Amino acid sequence: MALQTRPKLLRVGVIQDGRIVEEHHLLHDSVTIGDDARNTIVLPASQERPPRFKVLENRGQQFHLIIDEHMQGRVNLGSSDVDFDALRAQGLATRRADDTFDLPLQESARGKVDLPDATLFFHFIPAPAEGTRPALPPELKASPWRTVDRLFFGILVSMLTLYVLSVAFIAAQPAPVEAEVELDQLEDRFVRAIIPPQPVKVEEPKKEGPSTEKKTEEPKAAPKKPAPTDASPAPANSAERRQQVEARVADTGLLKLLGGKGPGGGDAIADVLGSAGSGANVAEALAGATAGGALTAGSGGGNGIANPQGDTSGKMAGIGATQTSGAGTVNTGQKQVVKVPQVADSIPEVDSAEVKPKDLARFIQSRKASIQRCYENGLKRDPSLKGKVMVRFELTPQGRASNVEVDESTLRSDEVINCIKTTMRAWTFPFKPSDDVPVSYPFIFSPGE
């Protein structure tokens with residue numbers, strides 16, 4: 001069995017200034033030169049050669065040398081060197097229709113082509129064995145340690161070491177124990193901000209009278225309550241004592257009134273409120289209750305009801321030992337008038353015929369409540385706050401107020417002025433001018449009269 005030989009590779013290179021500047025190893029591809037970027041070998045543009053010219057062409061697994069009638073060079077065909085003029089003159093190269101010459105090359109052939117600015121050489125070399133890759137010498141191989149920046153690597157390692165040591169030191173420290181804070185120990189900052197601390201009042205010493213004689217006060221003995229005199233002897237058992245207490249209570253106050261007997265032997269309250277008592281005298285109905293002094297009916301004062309019937313012409317009824325009287329005159333103090341803060345304005349200054357000043361003033365007056373809220377907030381800090389503020393702004397075609405500023409102000413409050421500017425920026429005006437319209441509007445603030 002015959003051994004199969006691998007086809008050789010065509011080695012093509014460019015020599016400039018005595019050294020190889022470009023080299024290619026080809027198996028089946030053709031070789032072209034010129035200034036076109038698609039060429040195998042790209043050379044600077046020259047008038048003596050076209051942008052793309054095929055020098056070595058692969059046809060039928062064999063390379064052919066392609067030269068024109070002006071190209072110079074030499075080729076070795078195995079036995080001797082032959083220049084391109086001899087190839088063209090002796091007919092060793094076949095002339096083609098495009099006036100170029102074609103010379104088939106064997107694997108032993110080699111040669112060079114002279115160019116105006118370089119020299120192109122070619123020859124065949126054995127193909128490398130399968131699985132082998134070209135390797136650089138060890139001294140030319142790159143390594144991570146050769147490409148790394150030594151200074152940067154040293155700083156990085158130092159910072160990393162310091163970071164690890166710091167974390168380890170912090171982790172080794174015991175965690176701090178925070179003392180628990182009671183609710184009554186927390187500061188109420190909100191209350192202290194709204195309610196300012198009141199000054200401590202110093203008590204003035206009391207002025208002593210002209211007579212500063214010290215009198216020895218003797219403690220007064222508490223008055224002794226007289227012991228209740230009860231002529232009835234204490235009951236022997238609890239049943240008799242209960243009956244005695246009920247009888248004593250039934251003869252006093254309203255209980256005697258409720259339990260009293262009328263002239264007919266019935267209950268006094270039933271005689272008054274019943275259907276048969278509509279025309280009877282109240283005094284007759286309560287006759288049983290008035291016995292014993294619990295409630296006396298008559299025309300005079302004291303303990304009783306004076307003329308309880310409807311024809312008494314509006315006389316009063318007295319209950320108890322002491323008659324009642326009116327509460328007298330109540331002093332409610334002087335009448336105070338609440339002062340309402342005032343925000344006055346006038347016709348604005350508008351530098352445009354598209355926006356009428358009166359219509360603009362009417363719109364701002366309808367939004368004046370928000371301006372007054374800004375002023376009322378300022379009065380809470382300074383009750384005597386008053387003055388005039390001239391606000392200047394530009395009315396945009398979108399109906400918004402831009403570049404809101406204050407030209408002049410006698411109101412000594414930056415908070416109120418900032419509130420006015422912020423409020424007016426949020427307004428949407430019903431006017432859509434074609435361009436920005438300058439407007440000046442005055443506000444006059446007074447605490448009220």
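Right, let's walk through the structure included here. (Residues numbered from 1 in each chain as written. Predicted model: local features only at pLDDT ≥ 70, side-chain atom pairs only at ≥ 80, totals over all residues. Heavy atoms only, no water.)

**A few points about the overall build of the protein**
Working step 1: Assigned secondary structure in the protein consists of twelve helices and 19 strands.
Working step 2: Out of the 449 residues in the protein, the part that is buried amounts to 24%.
Working step 3: The contacts of the protein with a sequence gap of at least 6 include a subset with a gap of at least 24, amounting to 54%.
Working step 4: If you sum the accessible surface of the protein, you get close to 33,800 Å²; carbon and sulfur atoms cover 54% of it. (Helix = DSSP H or I, 4+ residues; strand = E, 2+ residues; numbered from the N terminus. Buried < 20%, exposed > 50% of the residue type's maximum accessible area, 1.4 Å probe, protein only. Contact = heavy atoms within 4.5 Å. Areas by Shrake-Rupley, 256 points an atom, 1.4 Å probe, with all protein chains shown as cover.)

**Remarks on the state of the cysteines**
Working step 1: One pass over the structure, following the stated rule, counts one disulfide.
Working step 2: With its sulfur 2.0 Å from that of its partner, Cys-374 forms a disulfide with Cys-419. Taking the sign of the S-S torsion, about -55° here, the bridge from Cys-374 to Cys-419 comes out left-handed. Pair noted here: Cys-374 is in helix 11 (residues 368–381) and Cys-419 is in helix 12 (residues 414–425), with a separation of 45 residues, a long-range link. (Disulfide = S-S within 2.5 Å.)

**Section: the pattern of salt bridges**
Working step 1: Applying the stated criterion across every chain, the model contains eleven salt bridges.
Working step 2: In this structure, Asp-36 engages Arg-38 in a salt bridge whose closest nitrogen and oxygen atoms are separated by 2.9 Å.
Working step 3: By relative accessible area, Arg-38 is classed as exposed at 63%.
Working step 4: Between Arg-88 and Asp-85 there is a salt bridge; the shortest N-O distance is 2.5 Å. One end of the pair is Arg-88 and the other is Asp-85, both in helix 1 (residues 84–90) and three residues apart, which spans about a single turn.
Working step 5: A network of salt bridges, in which partner residues are shared, links Lys-54, Glu-57, Arg-59, Arg-96, Asp-98 and Asp-102. (Salt bridge = Lys/Arg side-chain N within 4 Å of Asp/Glu carboxyl O.)

**Comments concerning the pairing of strand 11 (residues 110–114)**
Working step 1: What you see with strand 11 is a clean split: Gly-111 and Val-113 sit on the buried side and Arg-110, Lys-112 and Asp-114 on the side with no burial.
Working step 2: Bridging between strand 7 (residues 72–76) and strand 11 involves five bridges; their strand directions are antiparallel. Paired with Arg-74 across the two strands is Lys-112, which belongs to strand 11.
Working step 3: Where strand 11 lies against strand 12 (residues 119–125), five bridges are found, and the strand directions are antiparallel. (Pairing = 2+ DSSP bridges.)

**A look at the packing of aromatic side chains**
Working step 1: Overall, the coordinates contain eight aromatic pairs when judged by the stated rule.
Working step 2: With centroids separated by 5.0 Å and ring planes inclined at 40°, the aromatic side chains of Tyr-375 and Phe-445 adopt a geometry described as tilted. Taken together, the residues span a long stretch of sequence, with Tyr-375 in helix 11 and Phe-445 in strand 19 (residues 437–446) at a distance of 70 residues. Phe-445 matches Tyr-375 in its accessibility class, with the two residues each being buried. (Phe/Tyr/Trp six-rings, centres within 6.5 Å; stacked < 30°, edge-to-face > 60°.)

**Concerning the sheet that holds strand 12**
Working step 1: Overall, antiparallel pairing links the six strands, which are arranged 2-1-12-11-7-8 in an open sheet. If you trace the sheet from one side to the other, it starts and ends with strand 2 (19–26) and strand 8 (81–83), each paired once. Direction aside, neighbouring strands of the sheet carry axes that sit 15° apart on average.
Working step 2: Looking at chain direction, strand 7 and strand 8 are connected through three bridges and run antiparallel. Its bridge partner lying in strand 8, Arg-74 is registered against Asp-83. (Axes fitted to C-alpha atoms, helices over the stretch in contact; angles between N-to-C directions.)

**A word on the side chain of Asp-102**
Working step 1: Assignment of secondary structure puts Asp-102 in strand 10 (residues 100–104).
Working step 2: A polar contact is formed between the side chain of Asp-102 and the side chain of Arg-59, at a distance of 2.4 Å.
Working step 3: Looking at Asp-102, its side chain comes within polar contact range of the side chain of His-64, at 3.1 Å.
Working step 4: Filtering out sequence-adjacent residues up to four positions away, Asp-102 remains in contact with Arg-59, His-64, Leu-65, Ile-66, Ala-93, Thr-94 and Arg-96. (Polar contact = N/O pair within 3.5 Å; in protein donor to acceptor, adjacent residues only side chain to side chain.)

**Some words on the sheet that holds strand 5 (residues 53–59)**
Working step 1: The strand order across the open sheet built from six strands is 4-3-5-6-10-9, with neighbouring strands paired in mixed fashion. Pairing within the sheet leaves two strands with one partner each, and these edge strands are strand 4 (41–42) and strand 9 (94–95).
Working step 2: Two elements, strand 5 and strand 6 (residues 62–68), share four bridges in a ladder whose sense is antiparallel. Within strand 6, the residue paired with Arg-59 across the bridge is Gln-62.

**So, helix 12**
Working step 1: If you check helix 12, its first and last C-alpha atoms are 17 Å apart, about what twelve residues at 1.5 Å a residue would give, namely 16 Å.
Working step 2: Residues of helix 12 that are buried include every one of Val-416, Ile-417, Ile-420, Lys-421, Thr-423 and Met-424, and no others. Within helix 12, the buried residues cover an arc of 165° as seen down the axis, which keeps them to one side. Exposed residues on helix 12 whose side chains face more than 90 degrees from its buried face are Asp-414 and Thr-422.
Working step 3: Those residues of helix 12 that are buried are in contact with helix 11, strand 17 (387–395), strand 18 (401–409) and strand 19. (Expected span 1.5 Å × (residues − 1). Arc of directions from axis to C-beta.)

**Examining unusual backbone geometry**
Working step 1: Even without a glycine there, the phi angle at Asp-17 is positive, about 55°.
Working step 2: Tracing the backbone shows Asp-17 in the loop between strand 1 (9–16) and strand 2.
Working step 3: At Asp-99, a residue that is not glycine, the phi angle is positive and equals roughly 65°.
Working step 4: In this structure, Asp-99 sits in the loop between strand 9 and strand 10.
Working step 5: Overall, Asp-99 belongs to the partly exposed group, its relative accessible area being 41%.

**Topic: the packing of helix 11 against helix 12**
Working step 1: Across the interface, helix 11 lies against helix 12 with an axial gap of 9 Å and an inter-helix angle of 160°. On the basis of their axis angle, the class for helix 11 and helix 12 is roughly antiparallel. Every pair of crossing elements has a handedness; the one defined by helix 11 and helix 12 is right-handed. Facing helix 11, whose interface residues are Ser-370, Ile-371, Cys-374, Tyr-375 and Gly-378, helix 12 presents Val-416, Cys-419, Ile-420, Thr-423 and Met-424. (Parallel < 35°, antiparallel > 145°, perpendicular 65-115°, else oblique. Left-handed = near helix turned anticlockwise from the far one by under 90°.)

**Side note on the nonpolar core**
Nonpolar side chains tend to gather and get buried jointly when the protein is soluble and globular.
Working step 1: With 32 residues, the main nonpolar core has Leu-56, Leu-65, Leu-105, Leu-120 and Phe-122 as its most contacted residues.
Working step 2: Of all the elements in the fold, those that place two or more residues in this core are strand 1, strand 3 (31–34), strand 5, strand 6, helix 1, strand 10 and strand 12.
Working step 3: With four residues, strand 6 is the single largest residue contributor to this core.
Working step 4: Sequence-distant contacts of Leu-105, defined by excluding residues within four places in its chain, comprise Leu-56, Gln-62, Phe-63, Leu-65, Val-75, Phe-122 and Phe-124. (Core = buried A, V, L, I, M, F, W, Y, C linked by side-chain atoms within 4.5 Å.)

These figures come from the coordinates and say nothing about function on their own.
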